[in-house]
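So you can see what is in the structure, the chains are spelled out below.
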Amino acid sequence: METTEIIEDKNITVERTGEEIRKLFFKNELCASCGLCEEICPVSAIEVEPTGAMVRTEQESSKINIDETKCVLCGMCSCICPFDALDLEIDGESIKDKEEYPKLIKSAEIDDELCIYCKACETACPQTAITVSRELPARADLVTGEIEVDKDKCIYCGMCEEMCPADAIYLEEQIPTSDNPEVASDIIIDEDKCVYCGICKRICPEDAITEACRICPYGEYEIEEADVTGSSIIDDELCVNCGWCQEICPKDAPTVTKPFEGELTHDDEICQGCETCVMVCPCNVFSFPQPSKSGEKVPKLFKDERFCIYCGACEKSCPVDAIEVKRTKVNYTPTKSKAWQNAFESLKS
Amino acid sequence: MTIGLVVHPELCHGCGNCVVSCPVNALRSSEIAGGKGPTDDVEIIMIVEDGEINLRNSDLCGKCGTCVETCPVDAIKLEDVE
């Protein structure tokens, strides 16, 4: 049996040969330096570098160090990591796929039946884990009307073309010559683009345009309901189950299950507003409140616990100990192993 | 591998950004929180003396990186101190 460690691009692989091959993988990019792996490691083989330093300053090292001479490749770190930055494989199979090992119960899903593809979740997601694609109907499918230009009256001034919000009017301009002294040869209205707003009619100095919108006088006349199709996809690797999508969605389409329950407290008296927690938190829990008017006193720091997953990165990063993260429940799949149960329960404060 | 606070006085311009931006300093000294150097002998992490940065009590450092961000000349850093 031999244990080796390879560090490549800040990613770590610890491998132990023997009857079964055990490999522990660490993906630096996914790590939030929360410190849970260090806390749960039964042999103190993991050291997590200072959270603020790793997030705020440029560092050449990985966010965690694994001492391969101490590591027993048990996999507890991989099962507790809320960001899936660690994974233990036994003979090529992740222990997160093995029933006998407990794993965090966490998920985020968007119900396609309820989603209207408004993109609020995509915009709000702190990890840019959500991609919303949508296909909108053509404008012409949502309007109906009639439009016509009396070419005998039209003087080709181009005002309608300049003002049309739908770019539906096009003038075939030309340089006037002695045998054809006209500034344009034709005016074309693209009825697939026209939205029958009537601006062209109202700007025309010669009353050359007649336009009638059929919807305005008759309401929903002849128009089918707008059909928006699309898809909303959550990248499970990037998702941290913070709940932003669930809270911001106007249609209650996302459902998020968080790995931990707890309480987040912050002492505004001690806080010096250094911004470390704001930058460290993978869930965008913290922000600096802006006064709505001059002279208004606002708290130094604002937190919204609805987005907190109680990973503890903020508490670990705060240089003045102004933040406290209490974990009251760890949500994990059942295990028969008392040692693993105890390890998971030990993360409660 | 241990990350700790390191200063490079030869690079320092003496602006004092690090001293006043440091949340630990600001909490310990109301003068620093108010934006100037301390006139009393309160224990703080770093101080500018004779135009140069000096580490006083690096053991107080929370390694948050705020000072590193405010230094215009890379004279204060969080780096491997082993």
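A. Inspection of the overall build of chain B at higher detail. Within chain B, the regular secondary structure consists of four helices and four strands. The N-to-C order of helical and strand elements in chain B reads β-α-α-α-β-β-α-β. Whereas a compact globule of 82 residues would reach a radius of gyration of roughly 12 Å, chain B reaches 12 Å, a difference of no more than 12%. Viewed in the frame of its principal axes, chain B has a C-alpha envelope of about 35 × 25 × 20 Å.

B. Focus on the interface of chain B and chain A. With 15 residues of chain B at the contact, the number on the chain A side is 19 residues. Counting the surface lost from both chain B and chain A, the interface buries some 1400 Å², and carbon and sulfur atoms represent 61% of this. For the pair chain B and chain A, the interface holds one salt bridge. Between Glu69(B) and Arg56(A) there is a salt bridge; the shortest N-O distance is 2.7 Å. Linking chain B with chain A are four residue pairs in polar contact (both at pLDDT 80 or more). Among the elements of the structure, helix H2 (23–28), helix H4 (66–70) and strand E4 (76–80) of chain B are those that each provide at least two residues to the side of chain B that touches chain A. The leading source of residues in the side of chain B that touches chain A is H2(B), at four residues.

C. Fine view of the environment of Asp67(A). On the secondary structure map, Asp67(A) appears in the loop between strand E5 (64–66) and helix H3 (76–80). With 62 residues separating them along the chain, Asp67(A) and Glu5(A) place their C-alpha atoms 8.5 Å apart.

D. Main features of unusual backbone geometry. Residue and element names in this part refer to chain A. Look at Lys10: it is not a glycine, yet its phi comes out positive at around 70 degrees. Its place among the elements puts Lys10 in the loop between strand E1 (3–8) and strand E2 (11–16). Relative accessible area serves as the criterion here: at 30%, Lys10 is assigned to the partly exposed category.

E. Fine view of the domain arrangement of chain A. Under the domain assignment, chain A is made up of domain 1 (2–97) and domain 2 (139–213). Distance from the C-alpha centre of domain 1 of chain A to the C-alpha centre of domain 2 of chain A: 67 Å.

F. Focus on the sheet that holds E1(A). Residue and element names in this part refer to chain A. Across the sheet, five strands lie side by side as E1-E2-E3-E6-E7; this open sheet has antiparallel pairing. Here the strands that pair on one side only, and so sit at the sheet edges, are E1 and strand E7 (93–94). Bridge count between strand E6 (residues 86–90) and E7: two bridges; the pairing is antiparallel. Pairing of Ile90 across the sheet is with Glu93, part of E7.

G. Up close: the environment of Val6(B). Residue and element names in this part refer to chain B. Within the element layout of this structure, Val6 appears in strand E1 (residues 3–7). Using a relative accessible area of 18% as the deciding quantity, one classes Val6 as buried. Distance in space between the C-alpha atoms of Val6 and Ile76 is 5.8 Å, their sequence separation being 70 residues. Beyond its immediate stretch of four places on either side in the chain, Val6 contacts Ala75, Ile76, Lys77, Glu79 and Val81.

H. Representation of the nonpolar core. Ile64(A), Phe286(A) and Met46(B) are the most contacted members of the largest nonpolar core, which has 88 residues in total. Residues contacting Met46(B), with those up to four places away along its chain left out, are Leu5(B), Cys18(B), Val19(B), Cys22(B), Asn25(B), Ile53(B), Asn54(B), Leu55(B), Arg56(B), Cys67(B) and Ile76(B). Val143(A), Cys154(A), Tyr156(A) and Ala184(A) belong to the second largest nonpolar core, which has 21 residues in total.

I. The pairing of E1(A), seen in detail. One ladder, built from six bridges, connects E1(A) with E2(A); its direction is antiparallel. Bridged to Glu5(A) within E2(A) is Val14(A).

J. Layout of helix H11 (residues 338–345) of chain A. All names here are of chain A. Those residues of H11 not exposed but buried are Trp340, Ala343 and Phe344. Relative to the axis of H11, the buried residues are bounded by an arc of 95 degrees and lie together on one face. Contacts from the buried residues of H11 go to helix H1 (36–40), H3 and strand E19 (323–330).

Conventions adopted
- Residues numbered from 1 in each chain as written.
- Chains lettered and ligands numbered in written order.
- Predicted model: local features only at pLDDT ≥ 70, side-chain atom pairs only at ≥ 80, totals over all residues.
- Heavy atoms only, no water.
- Helix = DSSP H or I, 4+ residues; strand = E, 2+ residues; numbered from the N terminus.
- Rg over C-alpha atoms; globule rule 2.2 N^0.38 Å.
- Contact = heavy atoms within 4.5 Å.
- Buried area = accessible area lost by both parts, 1.4 Å probe.
- Salt bridge = Lys/Arg side-chain N within 4 Å of Asp/Glu carboxyl O.
- Polar contact = N/O pair within 3.5 Å; in protein donor to acceptor, adjacent residues only side chain to side chain.
- Buried < 20%, exposed > 50% of the residue type's maximum accessible area, 1.4 Å probe, protein only.
- Domains from an automatic or database assignment.
- Pairing = 2+ DSSP bridges.
- Core = buried A, V, L, I, M, F, W, Y, C linked by side-chain atoms within 4.5 Å.
- Arc of directions from axis to C-beta.

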